[in-house]
Amino acid sequence: MNAAAPIFPRPVDLHERALQAVAQMRADAQGQGGQLPVASYRSPEQFAQEMQMLRQHPQAVAASSELAQPGSWLSLTRLGTPLLLVRQADGSVRAFLNVCRHRGARVVAEGAGDQARAFSCPYHAWTYQTDGALRGVPQAEGFADLCKQDMGLRRLACHEAAGLIWVLLDPQLSEQNTTTQLGPMMQDLCALAGMQQPVGYAPRSYEVAANWKLLVDGVFEAYHFKIAHQKTIAAMFAGNVQLVDECGPHRRLYLIKANFALEQPAPDAFEPRQYGNLTYFFFPTNTVLVQPDHAQFSCLEPISPERTRIHEITLLPQTPATEKAEKYWQANVDLYRRTLAEDYALAESIQQGLASGANEHFTFASFEYSIGRFHAQLQQSLKDSN
Ligand code: FES
Ligand SMILES: [Fe+2]
């Protein structure tokens with residue numbers, strides 16, 4: 001996507017489209033059904049290309065609220081890359097490769113803190129300021145040609161939006177790349193009530209024994225809802241009616257709730273978040289599910305062709321201040337986790353069957369077209385980045 005990309009399509013006509021969809025029990029945009037080779041979920045070659053490609057797309061690696069004040073820092077690892085995030089004196093966040101410029105040791109061990117003054121490498125004590133500049137070199141006389149100005153920690157493009165810190169792992173890419181890639185769909189998300197500066201809550205990371213794309217595929221169709229989610233949220237939704245808007249490689253999905261079909265609200269009484277789930281998918285691994293009064297973020301970190309680490313953060317309007325509030329949000333988090341567990345158990349079962357030879361291809365219906373679109377965009381992206 002570039003700066004001249006069209007504004008996010010049809011942002012305000014969900015009501016009209018939802019009415020039509022419910023009347024016909026069919027979403028407005030239906031595409032081509034088709035087939036996808038199952039090898040794409042197992043291939044080590046494709047996986048290696050995907051890892052390269054993922055470094056060139058923004059991923060949210062933490063909640064903004066995790067870096068509460070100047071001097072707050074976070075050291076973590078994503079896609080095998082050691083990262084250091086630091087809140088600066090001016091309130092902005094900088095992201096660095098957490099790799100010493102002397103001989104490459106990890107400068108800051110994994111963890112977090114609130115009052116960093118400087119970071120000292122555990123190998124020979126080269127010391128970096130919180131803005132990344134190289135400050136101290138013990139026995140500097142031994143480095144005849146060292147230009148300290150050029151030897152600060154390598155910065156990565158970093159951008160805060162929707163209460164999350166988005167980073168590009170490829171040090172060749174600039175900040176401009178981050179905002180441009182997130183594009184107008186991020187503006188659309190941030191314009192929702194409570195989504196400008198939500199607070200991170202109940203973060204957790206865990207692993208699933210499935211290829212990361214199987215976890216993405218499940219977001220793009222509502223066909224499975226009434227069956228796979230019958231013990232959790234199926235009754236809340238109208239059926240197989242999900243409205244999809246594309247924005248470059250991203251998507252906004254609107255899954256219509258049963259109360260919309262029942263109440264048929266007038267346009268001025270239509271509040272999209274009360275009558276459906278709004279999901280913002282930022283290509284290729286970030287998903288923000290917007291609920292009526294909060295949101296759930298998840299990012300997929302592929303580990304191997306058969307394994308994925310999932311990072312989740314709940315985004316709340318404010319930190320819960322009472323036990324009652326804590327209970328309320330925890331109940332929401334629990335339901336979200338139970339629902340995702342249903343999806344991910346199925347993804348694991350699919351992964352286990354991939355090698356059996358039962359399928360050379362998976363077959364997609366017209367109302368599952370978004371899965372095929374995603375895989376086509378992924379293939380294009382792999383070509384562009386490798
Ligand atoms: S590797 Fe960091 S000071 Fe030597
Ligand atoms: Fe699902």
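Starting afresh in each chain, residues are numbered from 1 along the sequence in its written order. Chain A is the first chain written and ligand 1 is the first ligand written, with later ones labelled in order. In keeping with the model being predicted, local features are shown solely for residues with a pLDDT of at least 70 and side-chain atom pairs are shown and tallied solely at 80 or more, while totals for entire chains, interfaces and linings include all residues.

(A) Molecular detail of the environment of Ala202. Runs of E in the DSSP output that reach at least two residues are strands. Runs of H or I that reach at least four are helices, and both are numbered from the N terminus. Looking at where Ala202 falls in the secondary structure, it is placed in strand β13 (residues 199-208). Here the contact rule is simple: place C-beta atoms from the backbone, and any two residues whose C-beta atoms are within 7 Å are in contact. Leaving out residues up to four positions away in the same chain, Ala202 has contacts with Thr314 and Val333.

(B) Highlighting the sheet that holds strand β4 (residues 81-87). What makes two strands pair is DSSP finding at least two bridges between them. Taken together, the five strands give an open sheet; going across it, the order is β6-β3-β4-β5-β10, and neighbouring strands pair in antiparallel fashion. At either end of the open sheet lies a strand with only one pairing partner, and these are β6 (111-113) and β10 (155-156). Alignment of β4 against strand β5 (residues 93-97), held across five bridges, turns out to be antiparallel. Note on β5: the bridge partner recorded for Leu84 is Phe96.

(C) Highlighting the nonpolar core. The nonpolar core is taken to be a set of buried Ala, Val, Leu, Ile, Met, Phe, Trp, Tyr and Cys residues joined by way of C-beta atoms within 7 Å. With C-beta atoms placed from the backbone, a residue is labelled by how many other C-beta atoms lie within 10 Å of its own: buried for 20 or more, exposed for 12 or fewer, partly exposed between the two. Core analysis: the biggest nonpolar cluster contains 94 residues, and Leu84, Leu85, Leu156, Ile165, Val167, Leu215 and Ile256 have the highest contact counts within it. Considering each element in turn, this core owes the most residues, six residues, to strand β14 (residues 237-247). Each domain's limits were defined by an automated method or a database of domain assignments. Both of domain 1 (14-56 + 188-385) and domain 2 (59-167) provide at least three residues apiece to this core. Setting aside anything within four residues of it in sequence, one finds Ile256 in contact with Ala18, Ala21, Val22, Phe237, Ala238, Val241, Tyr275 and Gly276.

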